[in-house]
Amino acid sequence: RQAMAAAERAVALAPGLPDGWAARGILRTWCTWDFQGALSDLRRALALQPSGVEILHRLAFVERALGHHAGAVALARRAAALDPLDPWAQRVLASVLMTSGDLAGARAAGRRVLQLSPETTAAHHVLGMVELLDGRPGAALAAFRADRREWGRLTGEALALFTLGDRGGSGRALAALARGHALEAAYQVAEAHAWRGEPDQALAWLARAVAQHDPGVRMLRVDPVLAPLRADPRFAALLERVNLGPAPR
């Protein structure tokens, strides 16, 4: 509440500067799930600072959250072109390309992240997701295991091992993920259950993620891993709760 009050004050004091608009847009994205308000604020910030790479990143994620894939990709490409040596710009591009269905483009961008900054472990997770969605679970497993974040590695193992037919290994990874990372990775636990064809458990963990204000919830509408849940009315209800409904078909 204090942060939002400060952002409101910044906009009131200096409506011609991008910073206040950007700050309020970020808060609306993360804290209040006011995605339409965030879209408006970040577009205003970008109009005031067209070369603002971070603003472009933030706006790309909001556009993607709302299912506007073409717009998200265009914004991410613009950011990457403005700062071609920024690994985070390539990371954002890889992520939005992956959710838009451009797996080849996402793979190329993910590899560029690691060329620019080999320690950017989050890129391994994106590459793992790309390989998984592209029907290459062995390559996905190798990428996921390069993720130095334990919750990222365990999530990837739960997904890839299941696809490889190792249900026991997948189950053990998922159990470890739920046992050790329920507070910061409830969304990923839900992803794993959805991928394993366990909708009741997946939806229960998604409800928990919403209650915990898990940042992954911003992916609900567009996450390809959750595609098996989209016809379930309980999923539609969750989308409505976080202002991302109705469910895409």
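Scroll up a little and you will see the structure.
Quick summary incoming for the structure in this document. (Residues numbered from 1 in each chain as written. Predicted model: local features only at pLDDT ≥ 70, side-chain atom pairs only at ≥ 80, totals over all residues. Heavy atoms only, no water.)

A few words on the overall build of the protein chain. For the protein chain, the helix and strand inventory stands at 14 helices and zero strands. Here the C-alpha atoms of the protein chain give a radius of gyration of 18 Å, agreeing with the 18 Å that 2.2 N^0.38 yields for 249 residues. In terms of overall dimensions, the protein chain has a C-alpha envelope of 60 × 40 × 35 Å along the principal axes. When burial is assessed residue by residue, the protein chain has 55% of its 249 residues classed as buried. Taking the intrachain contacts of the protein chain between residues at least 6 apart in sequence as the baseline, contacts between residues at least 24 apart amount to 51%. Of the accessible surface of the protein chain, which amounts to about 10900 Å², a share of 56% is contributed by carbon and sulfur atoms. (Helix = DSSP H or I, 4+ residues; strand = E, 2+ residues; numbered from the N terminus. Rg over C-alpha atoms; globule rule 2.2 N^0.38 Å. Buried < 20%, exposed > 50% of the residue type's maximum accessible area, 1.4 Å probe, protein only. Contact = heavy atoms within 4.5 Å. Areas by Shrake-Rupley, 256 points an atom, 1.4 Å probe, with all protein chains shown as cover.)

Moving on, we get to the side chain of Asp223. Its location among the elements puts Asp223 in the loop between helix H13 (199–211) and helix H14 (233–241). This buried residue, Asp223, is left without a salt bridge; Arg230 holds the nearest opposite charge, at 6.4 Å. Polar side-chain contacts of Asp223 include one of 2.7 Å to the side chain of Tyr187. In contact with Asp223, other than residues within four places in its own chain, are Tyr187, Glu191 and Arg230. (Lys, Arg positive; Asp, Glu negative; His and termini not counted. Salt bridge = Lys/Arg side-chain N within 4 Å of Asp/Glu carboxyl O. Polar contact = N/O pair within 3.5 Å; in protein donor to acceptor, adjacent residues only side chain to side chain.)

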